[in-house]
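Coordinate inspection notes
One-letter residues, chain by chain:
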Amino acid sequence: MHWADVAAQALAHKSDTHVVSTGITPSGEFHIGHLREILTGDMIARAAKDAGLTVDFVFIIDSADPLRKVYDFLGPEYEQFVGNQLGAIPAPKEDGNPDWERFQNEGWTYANHFLEPFLKALKEIGVRPRLIDNLESYRNGRFAELSKTACDRADDIREAIERISGRELPDGWFPWSPLNSRGGLDKVRVTGYEYPLVHWEDEYGATGSSDITKGEGKLPWRIDWPAKWGWIGVTCEAFGKDHGAAGGSYSTGREIVQILGHEPPHPLVYEWISLKGQGAMSSSAGNTIGPIEALRLVPPEILRLLVAKSKPNKAIEFDTGMGLVTLADEFERLAARDFQQELANEELSRRQKVQVEDAAGAMKMATVVSGQEVQATAVTFRHLALLAQTKKSDSDVWMSLQASGALKEITPQLQDRLNRMRYWIQSSHFPNEMRIKILTEPNTTMLEALDEVERRIMKSLVVALNACEWNATAIGASIPQSAKDLDESPRSAFKVAYAALMGTEKGPRLAPILAEMDREEILRLLDACVQVLGN
RNA sequence: GGGCCUGUAGCUCAGUCAGGUAGAGCGUCGGACUUUUAAUCCGAUGGUCGCGGGUUCGAACCCCGUCAGGCCCGCCA
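An account of the accompanying structure is given in this report. Just so it is clear, the model here is predicted, and its values are computed rather than measured.

**Thoughts on the sheet that holds strand 7 (residues 207-211)**
Within a sheet, adjacent strands bond to each other through the backbone by hydrogen bonds, running parallel or antiparallel. Sheet architecture is open: 3 strands sit in the order 5-6-7, paired in antiparallel fashion. Two strands close off the open sheet at either side, each with one partner strand: strand 5 (188-194) and strand 7. With strand direction ignored, the average angle separating the axes of adjacent strands in the sheet is 30 degrees.

Structure, rendered in structure tokens:
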């Protein structure tokens, strides 16, 4: 059974209606790591719906969280906002400094700025959660009741956190962080509590009272999370392994939520996604790839497959080079399979059956529109990469595919894939080993490995190419002819040509590539090859 | 110090919850095709299941220990 179905089954044992929740702090640019958070939730929700449950899938935007520091991508003017809530400060402009104008005129915040492209990507990927803005929820009094309970039972909560996390809370600790005189959550001390007011004084010498029913502050993180479970009624949440450790925020949360009078949600801990060869992704290290950027390279189904095929507790390495080719080709293979038919085979062992079921489950989760069949395009990524490099115009690509019988009609899906492929080829992510390259200097090693016959063909080939017209058809005829002239198989002519021009044993169709190249340069290279052999 | 996750074929992983003859894909090798789309098709190859003990008729799976890698325990998914 697919992991999402296993989770759905666990939920079904508890109740018929569920709220599956996800949440992200919009503190900087989103990356594909964040996609795992939301896709994991989406897949559980989808599986639960398929199992006949009523499911509300929500995405909580943690806009009430404070800006922790002036990140590298922010200008120095952000110093004044450290400690202030992300949904209450201006967004950065191109130069990294605050865009006051949009903030004042449209209320365009820091949180909005980073969230918007992510939401756009989600739409494309087929994830449609109900959005809950956390800061707004505080301001609208959604947290009021639970905040009161938290403040009333401050000692119980304090005890729970200290016991479970094993760390000691400071003396003035209180389960409510009031906003100080400058709108920040730091540099402020609670001096008293009389519902609904929490009295405070800050390091700027100001004092005041924060109304906990109006969002004039927020619950500290370890209480904020269980409080959300409470008022939203969350019954299932997937979260990163950082929250899942013993003594981490889930283990304190599950106890705190009970103090607040609710049940903890069904947890699902997932591993992180790293960028191949660069460790965990982090915005400050700059080794991120955003969902938008990823979508320019591959279609959404393939991105979904990446998350769907790995069990949540497996770390995923996202590789924008060869790994992407493998992943995309795997997608094509899976799409072409008939799982129903495979499962009908009685001879399958239990083990093999599980594998087929998991593959089928992963593909079900990979579709952008739930329930829709994925169609195989019949063209592998690898193949398309070749064609996209050798054919300048799209229609040439389609003609070539139709000529070989691989393709009957050009679907919008294929056109879309070709567009992304062309973008990928231009980008720095495209792997070198996939890049078609004609040598500029002879590859001596390859040439010296040629035998007597092949050396003769080499000379014949040079003569033939010198004589022929410089277009794909003529070149395509000349290469094999150069071998036929010597009563050798056409194949050996290609072997020689690859050795001379690309330094490889085999390769992509040569004629169209050569036709696109400068004739003189190719001829010069071939002459140089003959020179090498002459010695 | 406490805890979590991972370790199975060259690579990526399934199988561990409910113990019953080691599984898939990729790769590699071989063959078919031969004016070749690094294509396609067919076939083969491949593992002391990290290591050591224990329980059992039987252990990749359960228990104990141990090694290695990653991570968490001051709000990075």
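**Thoughts on the sheet that holds strand 3 (residues 130-133)**
Taken in spatial order, the 5 strands line up as 3-2-1-9-10 in an open sheet, and their pairing is parallel. Sheet topology places strand 3 and strand 10 (266-270) at the edges, where each strand pairs with a single neighbour. Taking each pair of neighbouring strands and ignoring which way they run, the sheet shows an average axis angle of 25 degrees. Direction of pairing for strand 1 (residues 17-24) relative to strand 9 (residues 236-240): parallel, over a ladder of 2 bridges. In the strand pairing of strand 9, Ser-21 is matched with Glu-237. Along the sheet, helix 1 (residues 3-14) contacts strand 1, strand 9 and strand 10; its crossing angle with strand 10, the most-contacted strand, is approximately 165 degrees.

**Some words on the nonpolar core**
Ranked by internal contacts, the top residues of the largest apolar core, which has 90 residues, are Leu-35, Leu-67, Tyr-110 and Phe-318. Of all the elements, helix 2 (residues 32-50) adds the most residues to this core, at 9 residues. Residue contacts for Leu-67: discarding those within four places in its chain leaves Leu-74, Tyr-78, Phe-81, Val-82, Gly-83, Asn-84, Leu-86, Ile-89 and Tyr-110. Ranked by size, the runner-up nonpolar core spans 32 residues in total, among them Leu-450, Ile-457, Leu-510 and Cys-529.

**A closer look at helix 22 (residues 490-501)**
Between its first and last C-alpha, helix 22 extends 17 Å over 12 residues, near the 16 Å set by a 1.5 Å rise per residue. For helix 22, the set of buried residues is Ser-492, Ala-493, Val-496, Ala-497, Tyr-498, Ala-499, Ala-500 and Leu-501. Where helix 22 is buried, its residues meet helix 19 (444-448), helix 20 (452-467), helix 21 (472-484), helix 23 (510-516) and helix 24 (519-534).

**Thoughts on unusual backbone geometry**
Residue Pro-196 is bonded to the preceding Tyr-195 through a cis peptide linkage, with omega at 0 degrees. Position of Pro-196 relative to the elements: it lies in the loop between strand 5 and strand 6 (197-202). Despite not being glycine, Lys-187 has its phi angle at roughly 55 degrees, a positive value. For Lys-187, the location among the structural elements is in the loop between strand 4 (177-178) and strand 5.

Procedures and definitions
Residues numbered from 1 in each chain as written. Chains lettered and ligands numbered in written order. Predicted model: local features only at pLDDT ≥ 70, side-chain atom pairs only at ≥ 80, totals over all residues. Heavy atoms only, no water. Pairing = 2+ DSSP bridges. Helix = DSSP H or I, 4+ residues; strand = E, 2+ residues; numbered from the N terminus. Axes fitted to C-alpha atoms, helices over the stretch in contact; angles between N-to-C directions. Contact = heavy atoms within 4.5 Å. Core = buried A, V, L, I, M, F, W, Y, C linked by side-chain atoms within 4.5 Å. Buried < 20%, exposed > 50% of the residue type's maximum accessible area, 1.4 Å probe, protein only. Expected span 1.5 Å × (residues − 1).

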